[in-house]
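Okay, here's what each chain looks like letter by letter:
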Amino acid sequence: MQDSRSIANLRRLAGHVLARYGSIDAFCAQLYLLLDYPTTELPAATGPYERDR
């Protein structure tokens, strides 16, 4: 029973991926792009820290 649900979930996921990205390769490329490049780095603070009053 668990195997048939797992297979159904896998097929549903694959269907969503293919509908959105067109191919598994395109999906993997998008994941690689998102995970490989860091987010925007903010500059370091250079002055004294002032707490809101």
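Data block above holds the structure.
Residues numbered from 1 in each chain as written. Predicted model: local features only at pLDDT ≥ 70, side-chain atom pairs only at ≥ 80, totals over all residues. Heavy atoms only, no water.

With respect to the overall build of the protein chain
- Of the regular secondary structure elements, the protein chain holds 2 helices and 0 strands.
- Taken over the C-alpha atoms alone, the protein chain extends approximately 60 × 25 × 15 Å along its principal axes.
- Within the protein chain, the fraction of its 53 residues that count as buried is 2%.
- When the accessible area of the protein chain is evaluated, it comes to approximately 5600 Å², of which 58% is carbon and sulfur surface.
- In the protein chain, the 6 positive side-chain charges and the 6 negative ones have mean positions that sit 13 Å from each other. (Helix = DSSP H or I, 4+ residues; strand = E, 2+ residues; numbered from the N terminus. Buried < 20%, exposed > 50% of the residue type's maximum accessible area, 1.4 Å probe, protein only. Areas by Shrake-Rupley, 256 points an atom, 1.4 Å probe, with all protein chains shown as cover. Lys, Arg positive; Asp, Glu negative; His and termini not counted. Charge placed at Lys NZ, Arg CZ, Asp CG, Glu CD.)

Comments concerning helix α1 (residues 2-21)
- Between its first and last C-alpha, α1 extends 28 Å over 20 residues, near the 28 Å set by a 1.5 Å rise per residue.
- Of the residues flanking the end of α1, it is Gly22, one or two places downstream, whose phi is positive at about 90°. (Expected span 1.5 Å × (residues − 1).)

Some details on the packing of α1 against helix α2 (residues 24-36)
- The geometry of α1 relative to α2 is characterised by a closest axis approach of 8 Å and an angle of 80° between their N-to-C directions. Comparing the axis directions of α1 and α2 gives the class roughly perpendicular. Residues Val17, Leu18 and Tyr21 of α1 touch α2, and the partners they reach there are Ile24, Ala26, Phe27 and Gln30.
- Of the residues assigned to the contact of α1 with α2, the class counts are 6 nonpolar, 1 polar and no charged. (Axes fitted to C-alpha atoms, helices over the stretch in contact; angles between N-to-C directions. Parallel < 35°, antiparallel > 145°, perpendicular 65-115°, else oblique. Contact = heavy atoms within 4.5 Å. Nonpolar A, V, L, I, M, F, W, Y, C, P; charged D, E, K, R; others polar.)

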